[in-house]
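# Observations on chain architecture
Here is what each chain is made of, one letter per residue.
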Amino acid sequence: MNRRKFLTILGSAGVVSALGTAKVAKAASHTFPYYEESYGVLHDTTRCIGCRRCEAACNKVNHLPRPAKPFTDLSVTETRRRTTAYEWTVVNKYEMNGKPVFRKLQCFHCNDPACASACFAKCFQKLPDGTVAYDGSQCVGCRYCMVACPFYVPGFQYDEAFDPLVQKCTFCEPRLKEGKLPGCVEACPVNALTFGKRSDLIKAARARIADNPGKYVNYVYGEWDAGGTAWMVLAPAAGTAEAVRPNNAADAGPALEQLGLNTHLGKQPMGELTYGALGAVPMIVAFWPVLFGGAYAISKRREAVHKAEQDKVVAQAKEDVTAAVDAAVRKIEETQGPGAAETARRAMAEALKAREARTAHPDGHGEDK
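Residues numbered from 1 in each chain as written. Predicted model: local features only at pLDDT ≥ 70, side-chain atom pairs only at ≥ 80, totals over all residues. Heavy atoms only, no water.

By the definition in use, this model includes 12 salt bridges. Among the salt bridges present, the one from arginine 47 reaches aspartate 44, with a minimum N-O distance of 3.5 Å. Across the pair arginine 175 and glutamate 186 runs a salt bridge, and its minimum N-O distance is 3.1 Å. Here the residue arginine 175 occupies a position in helix H5 (residues 173-177), and glutamate 186 occupies one in helix H6 (residues 183-187), the gap between them amounting to 11 residues. Residues joined by salt bridges that share partners form a network here, namely Asp44, Arg47 and Arg208. (Salt bridge = Lys/Arg side-chain N within 4 Å of Asp/Glu carboxyl O. Helix = DSSP H or I, 4+ residues; strand = E, 2+ residues; numbered from the N terminus.)

What follows covers helix H7 (residues 198-211). Its 14 residues give H7 an end-to-end C-alpha distance of 20 Å, which sits within 8% of 20 Å, the value for a rise of 1.5 Å per residue. Among all positions of H7, only Arg198, Leu201, Ile202, Ala205, Arg208 and Ile209 are buried. For H7, the arc enclosing every buried residue in end-on projection is 125°, short of the 170-degree limit, so these residues lie on one face. Away from its buried face, by an angle of more than 90 degrees, H7 presents the exposed residues Lys203, Ala210 and Asp211. At its buried positions, H7 is contacted by strand S1 (39-44), strand S8 (193-197) and strand S9 (231-234). (Expected span 1.5 Å × (residues − 1). Buried < 20%, exposed > 50% of the residue type's maximum accessible area, 1.4 Å probe, protein only. Arc of directions from axis to C-beta. Contact = heavy atoms within 4.5 Å.)

Listed in full, the buried residues belonging to helix H2 (residues 53-61) are Cys54, Glu55, Ala57, Cys58 and Asn59. Residues of H2 that are buried make contact with strand S2 (90-96), strand S3 (99-105) and H6. The positive-phi residue at the C-terminal boundary of H2 is histidine 63, with phi of around 55°.

Inspection of the entire model under this criterion finds 8 aromatic pairs. Ring centres 4.1 Å apart and planes at 20° place the aromatic pair phenylalanine 108 and phenylalanine 151 in the stacked group. Of this pair, phenylalanine 108 sits in the loop between S3 and helix H3 (114-118) while phenylalanine 151 sits in the loop between helix H4 (144-148) and strand S6 (155-156), and the two are 43 residues apart along the sequence. Taking relative accessible area as the criterion, phenylalanine 108 reaches 7% and is therefore assigned buried. A network of ring pairs unites the aromatic residues Tyr39, Phe171, Phe195 and Trp231 as a single cluster. When the ring centre of tryptophan 224 is taken as origin, the NZ or CZ atom of lysine 267, which lies over that ring, is 5.7 Å away. (Phe/Tyr/Trp six-rings, centres within 6.5 Å; stacked < 30°, edge-to-face > 60°. Lys NZ or Arg CZ within 6 Å of the ring centre and 35° of its normal.)

As structure tokens, this is what we get:
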């Protein structure tokens, strides 16, 4: 197979893959099934006091390494922290209306998770209880999930040399199976975190907004953002009489952005966006060995042709030199006799041998015998 034919086949396969991916993305209303009875957590930031007990509980129930600073040190909330492979939930302090407001950050457990759609190894799975679960047994460390996540949540164990994994909040899924609350929810002393069915939490959030005019932004973050999430946030109103249209993140933007919440995600599930772009990855991976195998074969062929041409030139040169030596020896024999001719032949043969040795080993050391 020549190079042109090889690249033509590869290009055709890429087009077929892209078209197939586009059809899948267009045909599916959602990449993942929606579970009506799934659970969630409502985080009321007007109640949060930044005590970090949720952090301590998460650390304990998930057997994570102890942090450099103790959980009683509240000064760390002054720094805008992100979740990491060993800190699955963090509390940050924000300033709104001249007052401190605290918000807990962790995996949002999206209804249609971008991390799961981006993972060609299928390490992530959306479970009926609302959890976005991770199984690292097939993880190849590509970190596409980290790139795809709109909330920048997953962390990677860069310090693990042999089997690094992606780590994030698990929604305390093992505890849910036992009928227990997530560790952070159970530890919260002021009921800033409410656990329950997601549909019930949305109703409860709407009731709080209606019962407390001017206290909350009239928007439940996570109800629709990025296709909806299991973890939702209530934010304090930026003014005394905020009139924000329901389900409009753009209008609620100023207050939400002060809490570090992304208001530009839209309502379309992120999984649909990443699935179309990254669904072709398995096809690319399948053709990767073929691509580089073909490139390697082309390179080796080129080297072989070059070497053959080089050998041909060298052989021709040797023939020319041999012919010249023979002609010179015959001339010496005619003029000075056979003895002189033989002496000249040996001298020229030794000279040629020494020249070849210098050409093969220009540093003058020769080969070790």
